[in-house]
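# What the coordinates show
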Amino acid sequence: MGRVGSCFDSAAAEAFVSSLEWEVLSRHEFTSTGQARAVVIDWCYGFYNHRRRHSAAAGLSPINYETAALNREAA
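Residues numbered from 1 in each chain as written. Predicted model: local features only at pLDDT ≥ 70, side-chain atom pairs only at ≥ 80, totals over all residues. Heavy atoms only, no water.

## Structural notes on the overall build of the protein chain
When helices and strands are counted, the protein chain shows 3 helices and 0 strands. Listing each helix as α and each strand as β along the protein chain from the N terminus yields α-α-α. Taken over 75 residues, the protein chain has a buried fraction of 13%. (Helix = DSSP H or I, 4+ residues; strand = E, 2+ residues; numbered from the N terminus. Buried < 20%, exposed > 50% of the residue type's maximum accessible area, 1.4 Å probe, protein only.)

## Some details on the packing of aromatic side chains
Under the counting rule described, the total for this entry stands at 1 aromatic pair. Ring centres of F16 and W43 lie 5.8 Å apart, and the angle between their planes is 45°; on these two criteria the pair is classed as tilted. With F16 in helix α1 (residues 11-23) and W43 in helix α2 (residues 33-48), this pair connects stretches of sequence that are 27 residues apart. Take F16: its relative accessible area is 27%, and that puts it in the partly exposed class. (Phe/Tyr/Trp six-rings, centres within 6.5 Å; stacked < 30°, edge-to-face > 60°.)

## A look at the side chain of S61
Summarising the element assignment, S61 is placed in the loop between α2 and α3 (62-74). Residue S61 is classed as buried on the basis of its relative accessible area of 2%. The contact partners of S61, leaving out residues within four places of it in the chain, are H50, R51, R52 and R53. (Contact = heavy atoms within 4.5 Å.)

## A few points about the environment of E21
Note on placement: E21 falls in helix α1. Classification of E21 by relative accessible area gives partly exposed; the value is 46%. Put simply, E21 and V40 are 19 residues apart on the chain and 9.8 Å apart in space, counted from C-alpha to C-alpha.

## Focus: the confidence of the model for the protein chain
On average, residues of the protein chain score 81 in pLDDT, and 83% of them are at 70 or above. Per-element mean pLDDT across the protein chain ranges from 81 in α3 up to 87 in α2. (pLDDT = per-residue confidence, 0-100.)

## Quick notes on unusual backbone geometry
For A58, which is not a glycine, the phi torsion comes out positive at approximately 60°. The topology assignment puts A58 in the loop between α2 and α3.

Okay, here's the thing in structure tokens:
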């Protein structure tokens with residue numbers, strides 16, 4: 001993170017919200033807040049956090065990267 005007022009302070013959050021808007025919110029029509037909440041939670045836990053590979057994590061999904069890091073520390 002940069003210093004206060006830097007344009008890089010919220011880059012990760014902005015990337016997350018952009019992905020959420022593009023991949024979920026623009027592709028669904030919700031009839032209730034509960035339905036929207038369920039779809040967003042399902043996307044966050046089911047797709048975004050567990051399956052998507054990230055270049056910053058050596059091409060691994062976040063959960064696999066954390067598991068590998070824990071295994072390295074335990075060894």
